[in-house]
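Chain residues, written in single-letter form:
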Amino acid sequence: MRSNTFKILLLGVAFMGAGALAASAGTLDDVKAKGFVQCGVNGTGLAGFGAPDDAGNWKGLDVDACRAVAAAVFGDPAKVKFTGLSAKERFTALQSKEIDMLARNSTNTMSRDTQLGITFTGVNYYDGQGFMVKKSLGVSSAKDLNGASVCVQSGTTTELNLADYFKSNGLTFNAVVFEKQEEADAAYDAGRCDAYTTDASGLYSIRLKMTNPDDSIVLPEIISKEPLGPAVRQGDDQWESIVRWSHYAMLIAEEFGVTQANVDEMKTSENPEVQRLLGIGEGVDFGTPIGLTKDWAYNIIKGVGNYGESFERNVGEGSPLKIARGLNALWSKGGLQYAPPIR
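Given the structure is predicted, the values throughout are model-derived calculations rather than measurements.

For the rest of this paragraph, the subject is helix α2 (residues 26-34). For the α-helix, the turn length of 3.6 residues means that residues three or four positions removed from each other point alike. What α2 keeps buried is the set T27, L28 and V31. Seen end-on, α2 carries its buried residues on one side only, within an arc spanning 100 degrees. Against the buried residues of α2 lie β1 (37-42), α3 (61-74), β14 (231-233) and α9 (237-255). G35 sits one or two residues past α2 and shows a positive phi near 90 degrees.

Taken as a whole, the protein chain shows an average pLDDT of 92; of its residues, 93% reach a score of 70 or greater. In the model, residues 1-25 has pLDDT below 50 throughout and makes nine contacts with residues more than four positions away in sequence or in other chains.

Here we take up the pairing of β1. Among the six residues of β1, six are classified as buried, and the element is accordingly described as predominantly covered. The pairing of β1 with strand β4 (residues 80-85) spans six bridges and is classified as parallel. What sits directly across from N42, in β4, is L85. Where β1 meets strand β5 (residues 101-102), two bridges bridge the pair, whose relative direction is parallel. Following the sheet pairing, C39 is matched in β5 by M101.

According to the domain assignment, the protein chain contains domain 1 (3-126 + 228-333) and domain 2 (129-224). The distance between the C-alpha centroids of domain 1 and domain 2 comes to 31 Å. Contact with domain 1, which involves 19 residues of that partner, is made by 16 residues of domain 2. When the buried area of domain 1 at its contact with domain 2 is split by residue, T44, L46 and L321 rank highest and sum to 32% of it. Remark: the boundary between domain 1 and domain 2 carries two residue pairs in polar contact (both at pLDDT 80 or more).

Cut-off values and rules
- Residues numbered from 1 in each chain as written.
- Predicted model: local features only at pLDDT ≥ 70, side-chain atom pairs only at ≥ 80, totals over all residues.
- Heavy atoms only, no water.
- Buried < 20%, exposed > 50% of the residue type's maximum accessible area, 1.4 Å probe, protein only.
- Helix = DSSP H or I, 4+ residues; strand = E, 2+ residues; numbered from the N terminus.
- Arc of directions from axis to C-beta.
- Contact = heavy atoms within 4.5 Å.
- pLDDT = per-residue confidence, 0-100.
- Pairing = 2+ DSSP bridges.
- Domains from an automatic or database assignment.
- Buried area = accessible area lost by both parts, 1.4 Å probe.
- Polar contact = N/O pair within 3.5 Å; in protein donor to acceptor, adjacent residues only side chain to side chain.

Structure below.
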């Protein structure tokens, strides 16, 4: 009896293991079957992070995260379709499998990471919440906003941080709450509130859309930690690894000077780190174990570029936003962007 029971237990464990493997491969199989990655992005358009240009082509730091995954899977960064989502819609769309991944300037918090059935795969932008005001208001600090009306979007960490900041500093405020970002943008532009609060990167983007951008300033205070990054559904380890390491590959490429322009030339590099990144050399294959080809990272760099290139053209000095690297510099240059080694 003990022997038969033991055999049954072994069969049950084996069955459960096979089921787990099948579940973990689900999203990749689905993506390959339909021929593209469905990526959730900012539905109202956030310049520098996710917004269509005049020709309808999506561009931005978050958009590049989606294109990097498409390049890793298909060898083609164009094999991605975008679903525009509001702050309220974004997590439900991921949970319901409407999208394969979410890259919509979303903050990783404990409750989101533990209660929503989703997993954040990394941080593609270290941000923090700030305030924008009209210069005519005559304030130079957020602590001067006692009694002010503040435009804020509902369903965000921004709304909670706003209340915490004013309470901790003994200040009062009147929240003017909107479900959609474009409604908050329009209200601030029309003078319905004294200040506008959201992630600082978003404020620089929103200011560009105002009727008179130069009439507004972003105040110096950063009142929160907002680590923004892509997210996937929990329980799919393979897909989680693909999305996470697509970001890491871009960081490693920047660290070792591998760019979109020189990636072919770098195939002859003698640096073992570069060889492992590009899948060069006999037995060097880190793609196959996660369902990709050995040149998965090469395809990302060739199609999208490294992290530094993506940052500069979308939000950095090469963009209208002209945001400094700051915390988003590589760890070797005083920032927080850091990738584990490929080995």
